Amino acid sequence: MLHTIDGFNRIGEENAFAVLARAAELAAQGRDIVSLGIGQPDFPTPPHIVEAAIKALRDGHHGYTPATGITPLREAIAADFNKRFGVEVSPGNIAVVPGGKITMFAAILMFGEPGAEILYPDPGFPIYRSMIEFTGAKPVPIPVREENGFAFSAEEALSLITPKTRLIILNSPANPTGGVTPKSEVDKFVAGMDKHPNVAIMSDEIYDQMVYDGEKHVCLLTYPSIRDRLILLNGWSKTYAMTGWRMGYSVWPQSLYENIRKLAVNAWSCVNAPSQYAALAALTGPQHAVHKMVAEFDKRRKVVVSELHKLPGISCATPKGAFYAFPNIKNTGWKAKKLASSLLEESGVAIIGGPDFGILGEGYVRLSYANSTENIMKAIGRMGEFLSSRKAA
Ligand code: PLP
């Protein structure tokens, strides 16, 4: 009998990957599957970014790089923050990491241990809770409510802070709901945090360029009063259609920077060199591919919402950001996970049940509209046929 640490009895996972695997299995059997499951852009990485990686390899960038990333890339990230949000960030506070997830992994490891509490959004990205559980800390859900447009409530989040709270995780634009936190709410939250100077904040802003209906993304780095305890998570996966490149970055307060640098040295040494040059080209090159993709998501978003409203028992709040819709299915009578799995097995439509994003996800399903309008119409059409012909189980 091998004795691994207890954390592995508690660690969870991301069911979107299991659904992706099952969808691929069914497709391999010859089934016609439409996937609105996994959250990744259906666009290719723009060609100039791919070329930059190829050139980096041809130029001999085959070796280790500094643990926290090549200097020009960290400088480009700092310049990008300055251009987009008017904030000063030192390249010396930036870590380039292998994907967005690594920042949450590192931040949660730094603060989580038995006796500690970590607040996280529910429904929210499942890895937050999973990693909190892994460390032995107590996961404390911050409810994300439909009646609130799936925006986070500062008052509710602040009311959950106790002397044991070490870290608060925020995410806007949000997965799985598409909710966007308005500036007024962020202002309120940051003001309230004055009373809790020993609580760190991790702001997951990986969908920051995907906002619609005139909403503006509010970057937490623009609040000087929390800069000494703010960890900012971002990356290239979504914005530049680079999920498989495994490229992310984070901004750390000075007091935590040595922790992330040492963790990098211990765990991944550095992010693979050609991908770093690709990421540099992404930030410094033309941005029209990003704008085109976001404009396309915006169009599809409207299609998703209007098509979902035609289905019996389904209503859907209009998502303001990211590329997810989180329709309410309570009036169909179906349990969310059962509905999702039956739709995949019987109708060939891959979506994710709300409970895969937290306890408060029951009664909802997540559809990713990172798929063509044609496929979205087909998938929702099949959902309609399914709901009209099958009794709730
Ligand atoms: N944060 C959120 C809210 C996400 O939805 C995702 C991916 O789905 C990530 C982080 C992780 O991104 P990456 O694929 O770069 O690890």
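None of the values given here were measured: they were computed from a predicted structure.

1. A look at the pattern of salt bridges
Per the stated rule, a full pass over the model turns up 27 salt bridges. In this structure, Arg300 and Asp42 form a salt bridge, with 3.0 Å as the shortest nitrogen-oxygen distance. You can see Arg300 sitting in helix α11 (residues 288–308) and its partner Asp42 sitting in the loop between β1 (34–35) and α3 (47–58), a full 258 residues away along the chain. By relative accessible area, Arg300 is classed as buried at 4%. The class of Asp42 is partly exposed, set by a relative accessible area of 35%. A salt bridge links Lys55 to Asp59, with the nearest nitrogen and oxygen atoms 2.6 Å apart.

2. Considerations on empty space enclosed by the protein
Summary: where empty space remains is shown by rolling a probe the size of a single water molecule over the atoms. This model, assessed by the stated rule, comprises 2 cavities of 30 Å³ or more. Its boundaries defined by the atoms lining it, the largest cavity holds a volume of some 220 Å³. Lining of the largest cavity is provided by 23 residues; of these, Phe152, Leu170, Asn171, Ser172 and Thr181 occupy positions nearest its centre. Within the residue set of the lining of the largest cavity, elements represented by two or more residues are β5 (165–171) and α8 (183–192).

3. Overview of the domain arrangement of the chain
As far as domains go, the chain holds domain 1 (7–44 + 288–389) and domain 2 (62–284). At the junction of the two partners, domain 1 supplies 40 residues and domain 2 supplies 36 residues. Summing both partners gives a buried area of about 3,100 Å² for domain 1 against domain 2, and 61% of it is carried by carbon and sulfur. Across the domain 1-domain 2 interface, the total number found is 3 salt bridges. For the pair domain 1 and domain 2, the number of links is 19 residue pairs in polar contact (both at pLDDT 80 or more).

Calculation notes
Residues numbered from 1 in each chain as written. Predicted model: local features only at pLDDT ≥ 70, side-chain atom pairs only at ≥ 80, totals over all residues. Heavy atoms only, no water. Salt bridge = Lys/Arg side-chain N within 4 Å of Asp/Glu carboxyl O. Helix = DSSP H or I, 4+ residues; strand = E, 2+ residues; numbered from the N terminus. Buried < 20%, exposed > 50% of the residue type's maximum accessible area, 1.4 Å probe, protein only. 1 Å grid on protein atoms, 1.4 Å probe; cavity = no way out; pocket = protein on both sides within 12 Å on 5 of 7 lines; lining within 4 Å. Points joined across faces, edges and corners; volume = space filled by probe spheres on them. Domains from an automatic or database assignment. Contact = heavy atoms within 4.5 Å. Buried area = accessible area lost by both parts, 1.4 Å probe. Polar contact = N/O pair within 3.5 Å; in protein donor to acceptor, adjacent residues only side chain to side chain.

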